[in-house]
Amino acid sequence: MGLFSALFSKPSSVELTVTSSNGFHLRPVAQFVSVAKKYPCKVTASFEGMTVNAKDINTLLSLSLDKGCRFTLSCQGKQSKEALEALSDSFTSLMKNDKKIKAAKKEQVLYEGETIEGDIIYGSIAIAPAYHYKEMQLHKESKLTFEQAVHKSMEELEALFASAQERHNSDIYLAQKELLASLRSKTHTLQDLETLIKKSSSRLSGTKLETKISDYADILQRVKSHLGAETEMILPKKPFILIANDLLPSQIETLSRTAVSGVILKKSSIHSHTAILLRGAGIPSLITDASLPEEGTDIILDSYSGVVVTVPHASDRHKAKKRLAEDREQKALASAKRFEAAQTKKGKQIKVFANVTDVNSASIAKEEGAEGIGLLRTEFLFKEEKPSFEIQVAAYKEIFSHFDDITVRTLDVGGDKALPYMPLPKESNPFLGIRGIRLFKSHPEIMGEQLHAIFEAGKHRTVKIMFPMVSSVEEFNDAKHFATETAKKHHIDISNILFGIMVEVPSVLFLMESFNKVVDFYSIGTNDLGQYLFAVERTHPTLKIDECSPVIFNAIDVIVKKATKPVSICGELASSKEAIPKLLDLGLETLSISAGNIAQTKEIIRHV
Ligand code: PEP
Ligand code: MG
């Protein structure tokens, strides 16, 4: 289609209806916009006489599309048909997958003292003095221009989005990043930004999206902090129950590192991003607009029952303490037994290993009860700049010193993992391009040096070396041959080294007989196996696979049944409460997971 006809062609349109009871709110809008931006055509949304740019999160949000609203989506110009189809599909899946946040069921507990009721954000118990929110303004020197401060904030949000992906809630940061990107295109100074945020916030006031006003405030605060105007919470050192009108989403991360026992918000909603993050951080929390006690009053926050006991009697304190003790006991029990082996009820011993990323996380893993390292993601060492051979050897040696059983994965760059100094060719599908073991061909010097460093650090002990992204036996054989040649070149005996593969590309399932002849072990990487089985990019903003799909378990079943060499699993699935019994049932005997989940996972195994 020529430029003229593309620009003046008739728009293709479709009528869409908001079906989620949460409405078309900030997070799905952000994901929708990120899909729209991939297309060169003009994309608009029309509702009740208003037509807005649907590539701009801010203007799309201004339509305040609630459940039941029917709006027209139009695409005009180049690739308009494809865009319309992709956006309709994306919208339908966003609506379908938008989980309704239901009000938590309140437990019935009778307290003798005065109580006030509220809506539960996260159910638990806190007993501590009330503390009313205070903050201070800090003025630091900053040499950044407004543009640079916005840029830095975008980078931070992008990093938060990437780092939170494995934990959930990452879409909150994507939404804030999209919001900032939209505001940035219309502002040139901090004052502009403040005015625009004020205007955008007031438009949301009184609508279902009111709770998202704190996201605008959060963005503003982030940009201001880069310009030297930081706002810091003033918090007690001893346990306290924080009472605040509302908090910013970014303050929850800070709060979770303090002595906070609980949080009571006066003006928030269980749907707000602040509430979502409070739940994620496991902080007992409640929303109530009733009048709350003065600072220093000892109160009980029982967010299981949805109450604050403002004037507790001795019996109330006793009751709450008992419940708190039971909760803690359960956690402590798991923690106390973290160094003990995990045996199923039938007496089968399961090894629980850790996935680690650096020297620090290896020692944390030891402390958390890991029995070995099932996956050392070595990308960390290579993050900022290429580490020298000596730095690599020192880091590997220190990590190896913690455990007898160690599996080191060679550099897995490409796809979602990039290195600033290792330019990879620009590819349309990086997840299907130069990645993992394919680096042996494209970057032999870096891979050779890494292998040499692992060999050097692993002298006089057993080390398992694992290649990522393997799709054919030849790839494995070539990489192993390269490793053997590297060892010869440096006169190192590598009879102590075992070589294995990550099973994360589906082709391996059909090549197991051949792989059995050459590899020493397998480790199933469900994070990538899932993406390649379903052809759904693991970082895709709207598409998600069902991590507990029978397809994944069937694939694992095939691998375990066909393998004649040891098999372990190191994908996220290995710490899913729902998946563990099934994985054990399929015959897996080694799970490798994040250090923070070890005690809990061992406890789950003991109940299978
Ligand atoms: C996996 O793909 O399951 C895996 C453990 O590796 P990563 O997440 O590092 O790609
Ligand atoms: Mg992987």
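Everything quoted here is computed from the prediction, not taken from an experiment.

For the protein, the assigned domains read domain 1 (3-97), domain 2 (114-134 + 237-246 + 255-331), domain 3 (138-232) and domain 4 (340-606). For domain 3 versus domain 4, the separation of C-alpha centres amounts to 37 Å.

This brings us to the packing of helix α18 (residues 526-534) against helix α19 (residues 550-562). Their axes nearest at 10 Å, the elements α18 and α19 cross at an angle of 115 degrees. Between α18 and α19, the angle falls in the class roughly perpendicular. Every pair of crossing elements has a handedness; the one defined by α18 and α19 is right-handed. Residues Thr526, Leu529, Gly530, Leu533 and Phe534 of α18 touch α19, and the partners they reach there are Val551, Ile552, Ala555, Ile556 and Ile559. Each residue belonging to the contact of α18 with α19 can be placed in one class, and the counts come to 8 nonpolar, 2 polar and no charged.

Let's shift gears to the environment of serine 142. Checked against the element boundaries, serine 142 lands in the loop between β8 (135-139) and α5 (146-164). In this structure serine 142 comes out as partly exposed when scored by relative accessible area, which is 27%. Sequence spacing of serine 142 and asparagine 527 is 385 residues, and the spatial spacing of their C-alpha atoms is 41 Å. Residue contacts for serine 142: discarding those within four places in its chain leaves His226, Leu227 and Gly228. Polar side-chain contacts of serine 142 include one of 2.7 Å to the backbone oxygen of histidine 226.

In terms of burial, strand β10 (residues 240-244) is a largely internal element, 5 of the 5 residues being buried. Burial of the side chains of β10 extends over both faces: Phe240, Leu242 and Ala244 are buried on one face and Ile241 and Ile243 on the other. Where strand β7 (residues 125-132) lies against β10, 3 bridges are found, and the strand directions are parallel. Among the inter-strand pairings, histidine 132 is bridged to a residue of β10, identified as isoleucine 243. When β10 meets strand β11 (residues 260-265), the two strands line up parallel, connected through 5 bridges.

The next thing to look at is the coordination of the magnesium ion (ligand 2). For the magnesium ion (ligand 2), the full set of protein donor atoms is Glu504 (OE) and Asp528 (OD), and the range of their distances to it is 2.0 to 2.2 Å. With glutamate 504 in the loop between β20 (497-503) and α17 (512-518) and aspartate 528 in helix α18, this residue pair connects regions lying 24 residues apart in the sequence. Residues glutamate 504 and aspartate 528 agree in their burial class; the two are buried.

Close contact between helix α13 (residues 389-400) and helix α15 (residues 444-457) brings their axes to 8 Å; oriented N to C, the two are set at 45 degrees. With respect to each other, α13 and α15 are oriented oblique. The interaxial crossing formed by α13 with α15 has right-handed handedness. In contact with Phe389, Gln392, Val393, Tyr396, Lys397 and Phe400 of α13, α15 contributes Glu449, Gln450, His452, Ala453, Ile454, Glu456 and Ala457.

This part covers helix α7 (residues 190-204). Taking 1.5 Å per residue, 15 residues should reach 21 Å; α7 reaches 21 Å between its end C-alpha atoms and fits that length. Listed in full, the buried residues belonging to α7 are Leu193, Leu196, Ile197, Ser200, Ser201 and Leu204. End-on, the buried residues of α7 take up no more than an arc of 135 degrees, which puts them together on one face. Those residues of α7 that are exposed and aimed more than 90 degrees away from the buried face are Gln191, Lys198 and Lys199. Glycine 206 sits one or two residues past α7 and shows a positive phi near 85 degrees.

We now examine the side chain of serine 285. Along the chain, serine 285 falls in strand β12 (residues 285-287). Exposure remark for serine 285: the relative accessible area of 0% places this residue in the buried category. Dropping the residues within four chain positions of it, serine 285 is found in contact with Ile120, Ile121, Tyr122, Val263, Leu278, Leu301 and Ser303.

This brings us to the pattern of salt bridges. Side chains that carry opposite charge are capable of pairing whenever their charged atoms lie near each other. Within the structure shown, the criterion is met by 31 salt bridges. Lysine 186 is the partner of aspartate 56 in a salt bridge, and the nearest nitrogen-oxygen pair spans 2.5 Å. Placement of aspartate 56 in the loop between β3 (50-53) and α3 (57-61) and of lysine 186 in the loop between α6 (170-184) and α7 is noted, with a sequence separation of 130 residues between them. With a relative accessible area of 8%, aspartate 56 lands in the buried category. Taking the shortest distance from any N to any O, the salt bridge between aspartate 405 and lysine 464 comes out at 3.0 Å. With aspartate 405 in the loop between α13 and β18 (406-409) and lysine 464 in strand β19 (residues 463-467), this pair connects stretches of sequence that are 59 residues apart. Salt bridges sharing common partners tie together Glu379, Arg409, Asp412, Arg435, Asp528 and Arg538.

What counts and what doesn't
- Residues numbered from 1 in each chain as written.
- Chains lettered and ligands numbered in written order.
- Predicted model: local features only at pLDDT ≥ 70, side-chain atom pairs only at ≥ 80, totals over all residues.
- Heavy atoms only, no water.
- Domains from an automatic or database assignment.
- Axes fitted to C-alpha atoms, helices over the stretch in contact; angles between N-to-C directions.
- Helix = DSSP H or I, 4+ residues; strand = E, 2+ residues; numbered from the N terminus.
- Parallel < 35°, antiparallel > 145°, perpendicular 65-115°, else oblique.
- Left-handed = near helix turned anticlockwise from the far one by under 90°.
- Contact = heavy atoms within 4.5 Å.
- Nonpolar A, V, L, I, M, F, W, Y, C, P; charged D, E, K, R; others polar.
- Buried < 20%, exposed > 50% of the residue type's maximum accessible area, 1.4 Å probe, protein only.
- Polar contact = N/O pair within 3.5 Å; in protein donor to acceptor, adjacent residues only side chain to side chain.
- Pairing = 2+ DSSP bridges.
- Donors = N, O, S within 2.8 Å, 3.2 Å for Na, K, Ca; no water.
- Expected span 1.5 Å × (residues − 1).
- Arc of directions from axis to C-beta.
- Salt bridge = Lys/Arg side-chain N within 4 Å of Asp/Glu carboxyl O.

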